[in-house]
Amino acid sequence: SCHITLPGHRADTRAVQFSSVGDTIVSLSNDSFKTWHRSDLECQCTGTMVLPSLVRSFILAPGDKYAILGAASGHIFLVELATGTVVEDIAGAHCNDEEAGKSDVTALSLTADSKGLVSGGLDHTVRIWRFELVSDITTGRRLTLESASDCAIKLHDGVTALHCSPDGRLLAVATLDNKETLYYIDTMKLHQELYGKSLPSTCVSFNHPGTLVVTGSKDSAIRLYGTDFGDMRKLIKNAHTGGVTSVKFQAQTNLFFSTGHDGLLNYWDADSFQRIMTLRGHAGIARCLSVAPKGNWVVTCGQDHSLRLWERTQEILNLQEEREEERRRQEEEELGGEELLAGQKRHVEGETRDSEAVRAGRPTAKTEEAVDVILAALRMYQTHLNCPDTAPHYLMLSYGIMDPVECFAEVLARIKSSLLEEAIVQLELSQVLSLLVVLARMCKRNLLTEASVRVAVIAVRTNMPQLTASNTALPFLSILAKHITNYTKTLQDKVGFTTAGLRQCIERHESRHETQLFADAFDRHSTSNKKKKKKEIASRRARLAIS
């Protein structure tokens, strides 16, 4: 049996947050809620909770002992992190009425005094909640949420993001009607309305003094506004390709981070409106980020099911060098601008990114022919597996092999190694699974060859995230791992034995003839080269004399 023991998420991670001290990280995915203890060397998973329903947002309560989850059903759950249990379920926190149609709790934000929180949902409502301590029979005193009935706002559209200013004065609410609205948080009266977007904003954040608010939207732009008059200070176009997913200010500064659909983490200066640096790491969308209270750590989560922790260093950053490095990288991408396949990497699998061994960018006609041959061999195997008495396939007749497994091995061996990798990369996931089934069958029958091992390694490396998430592929991966390891070890022993034998033969030959092997042949070759050069020089002199 196969078991996955790694503590990471098995689905897209959608939200992440540091604790108030910065030593704990809480992450949310589509199916689970995890807590991590951060040390200087690594992060260890300290708890996993299966979600009671689909959760759209979360935030940590003051004291870091509880988390508040906003569900797609309109419920708000109060969860104790130590035990992973739901201690309170607020049903109908955001009601699903006929006008709104939906009740997802899409955004949560703590107030500046940490005595309450603000929630917003697709029911066109923003509500304020207060934390209270109540007596409990089992746990003694615990935290609870009480709704402030007089502090609720009815909006014209659903809420996509909201944030309370650290100075406790304003509340910023982004809605689906392509605008953000600033309210006085104590009276919930309108302060300013921010317009100018073609698509809704997905994130909003205040700086520490509350004088600036930054927004990121699906139109790939970041906008900076002054909170006093609602004036746009700066429009940063194409900040992230595909859209901005999260923005957060660094504590006590006017520097902020942003993530987007391009998988990048950008670092910005809100005073000079310049991008300081770009951090790369996520494969796919980077969905959320969180900055530690002291600003020395940043954690991001993304579509690749991973959390990435970034540390601030003492290295002095030169913006001019950063821009030159980006221009150099862009020039390299333009020079090697061949179209890559989906999920394909420029470097060869198993090689480093700086390696000179790179794959061809665009599939050729010969590569497509190799793909067709592999698919035909897979169909041949499946046909004879389902109907053993059927007529021989044309590949069997052409190669003269009537066994489907042996014929498949011969097909792989006949394909050139330069075409084999590109052909395997172009296969779909279902076809890769069928290929692994045949390779596992070859392992059991001791029909492994160098070509089949190469195919298995390329297929697994190219589709590793999808294969590890598939229960169907795990038994075949286990079989391949066992047999390929034994095969490569045996092959290594054969190569070592052959090399040792050749060395012994060379030593015997040298001892018999009292000269090094190939020395005479080298001398004869150098002598003939000297004679050719003399003849060429003589002929040149003769031509010069005639002229």
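The residue numbers shown here count from 1 along each chain, following its written sequence. At least 70 in pLDDT is required for a residue's local features to be given in this predicted model, at least 80 for side-chain atom pairs to be given and counted, and no such filter applies to totals for whole chains, interfaces and linings, which use all residues. Side-chain numbers come from the whole structure's heavy atoms, not from hydrogens or water.

Draft legend 1. View of the overall build of the chain. Looking only at helices and strands, the chain has ten helices and 27 strands in total. Buried means the residue's accessible area, taken with a 1.4 Å probe over protein chains only, is under 20% of the maximum for its type, while exposed means over 50%, and partly exposed covers the values in between. Classification of the 547 residues of the chain by burial places 42% in the buried group. The contact criterion used is simple: two residues touch if any of their non-hydrogen atoms lie within 4.5 Å. Pairs at least 24 residues apart make up 45% of the contacts formed inside the chain by residues separated by at least 6 positions. Elements are defined by DSSP. Helices are runs of H or I of four residues or more, strands are runs of E of two residues or more, and each kind is numbered from the N terminus.

Draft legend 2. Broad picture of helix α2 (residues 365-386). The first and last C-alpha atoms of α2 sit 32 Å apart over 22 residues, in line with the 32 Å expected at 1.5 Å per residue. Along α2, the residues that are buried comprise Thr 367, Ala 370, Val 371, Ile 374, Leu 375, Ala 376, Ala 377, Leu 378, Met 380, Tyr 381 and His 384. Where the residues of α2 are buried, they touch α3 (394-399), α4 (404-414), α5 (417-425) and α6 (429-444). In a helix, the anticipated span is given by 1.5 Å times the number of residues less one.

Draft legend 3. The arrangement of the nonpolar core in detail. Among buried residues, the Ala, Val, Leu, Ile, Met, Phe, Trp, Tyr and Cys ones that are joined through side-chain atoms within 4.5 Å form a nonpolar core. Ile 374, Phe 408, Ile 424, Leu 427, Leu 435, Leu 436 and Leu 439 are the most contacted members of the largest nonpolar core, which has 48 residues in total. At the level of secondary structure, the elements contributing two or more residues to this core comprise α2, α3, α4, α5, α6, α7 (450-462) and α9 (474-513). In contact with Ile 424, not counting residues within four places along its chain, are Ile 374, Leu 435, Val 455, Ile 458 and Ala 459. Ranked by size, the runner-up nonpolar core spans 16 residues in total, among them Ile 128, Val 159, Leu 171 and Val 173.

Draft legend 4. Structural detail: the packing of aromatic side chains. Side-chain rings of Phe, Tyr and Trp (the six-membered ring for Trp) are treated as a pair once their centres are within 6.5 Å; stacked means planes under 30 degrees apart, edge-to-face means over 60, and tilted covers the remaining angles. A full pass over the atoms with the stated rule returns four aromatic pairs. An angle of 85 degrees between the planes, with centres 5.3 Å apart, marks the rings of Phe 33 and Phe 58 as edge-to-face. Highlighted residues: Phe 33 in strand β3 (residues 32-38) and Phe 58 in strand β5 (residues 55-60), separated in sequence by 25 residues. You'll find Phe 33 and Phe 58 in the same group, each marked buried. Ring geometry for Phe 249 versus Phe 256: centroids 5.4 Å apart, planes at 55 degrees, classification tilted. Its relative accessible area of 10% is what places Phe 249 among the buried residues. Judged by its relative accessible area of 0%, Phe 256 is buried. Aromatic ring contacts, followed pair by pair, group Phe 249, Phe 256 and Trp 268 into a single cluster.

Draft legend 5. How the structure looks around α5. Burial analysis of α5 places seven of its nine residues in the buried class, the great majority of the element. Within the sequence span of α5, burial applies to Leu 419, Leu 420, Glu 421, Glu 422, Ala 423, Ile 424 and Val 425. The secondary structure elements touched by the buried residues of α5 are α2, α6 and α7.

Draft legend 6. Molecular detail of the packing of α2 against α5. Here an axis means a line fitted to C-alpha atoms, over the contact stretch when the element is a helix, while the angle between two N-to-C directions is reported on a 0 to 180 degree scale. For the pair α2 and α5, the least separation of the axes is 8 Å and the interaxial angle reads 65 degrees. One element, α2, and the other, α5, form an angle in the roughly perpendicular class. Considering how the two elements wind past one another, α2 and α5 form a crossing that is right-handed. Facing Lys 366, Thr 367, Ala 370, Val 371 and Ile 374 of α2, the residues of α5 in contact are Leu 419, Leu 420, Glu 422, Ala 423 and Ile 424. Here the contact of α2 with α5 is built from residues that sort into seven nonpolar, one polar and two charged. Angular relationships are summarised with four words: roughly parallel below 35 degrees, roughly antiparallel beyond 145, roughly perpendicular across 65 to 115, and oblique for the angles in between. The handedness criterion is simple: a crossing whose near helix is rotated anticlockwise from the far helix by less than a right angle is left-handed, and one whose near helix is rotated clockwise is right-handed. Gly is put with the polar residues, along with every residue not named as nonpolar or charged; the nonpolar set is Ala, Val, Leu, Ile, Met, Phe, Trp, Tyr, Cys and Pro, and the charged set is Asp, Glu, Lys and Arg.

Draft legend 7. Up close: the packing of α4 against α6. Following both chains from N to C, one finds α4 and α6 inclined at 110 degrees, their axes separated by 10 Å at the closest point. In terms of orientation, α4 and α6 fall into the roughly perpendicular class. α4 and α6 meet at a crossing whose hand is left-handed. When α4 is examined against α6, the residues Val 405, Phe 408, Ala 409 and Leu 412 are found in contact with a partner set consisting of Leu 435, Val 438, Leu 439, Arg 441 and Met 442. Grouping the amino acids of the contact of α4 with α6 by side-chain chemistry returns eight nonpolar, no polar and one charged.

Draft legend 8. Representation of the sheet that holds β5. Strand order across the open sheet formed by four strands is β5-β6-β7-β8, with antiparallel pairing between neighbours. Looking at strand neighbours, the two that pair on one side only are β5 and β8 (85-90), the edges of this open sheet. Each strand of the sheet is rotated relative to its neighbour by a mean of 25 degrees, with strand direction disregarded. We call two strands paired when DSSP finds no fewer than two bridges between them. Here five bridges tie strand β6 (residues 66-71) to strand β7 (residues 76-80), and the two strands are oriented antiparallel to one another. The partner of Gly 70 across the bridge, within β7, is Ile 76.

Draft legend 9. Focus on the sheet that holds strand β2 (residues 24-29). Strand order in the open sheet made by the four strands is β1-β2-β3-β4, with antiparallel pairing throughout. Unpaired on one side and paired on the other, β1 (13-18) and β4 (43-50) mark the two borders of the sheet. With strand direction ignored, the average angle separating the axes of adjacent strands in the sheet is 20 degrees. Bridge analysis of β1 against β2 gives five bridges, and the strand direction is antiparallel.

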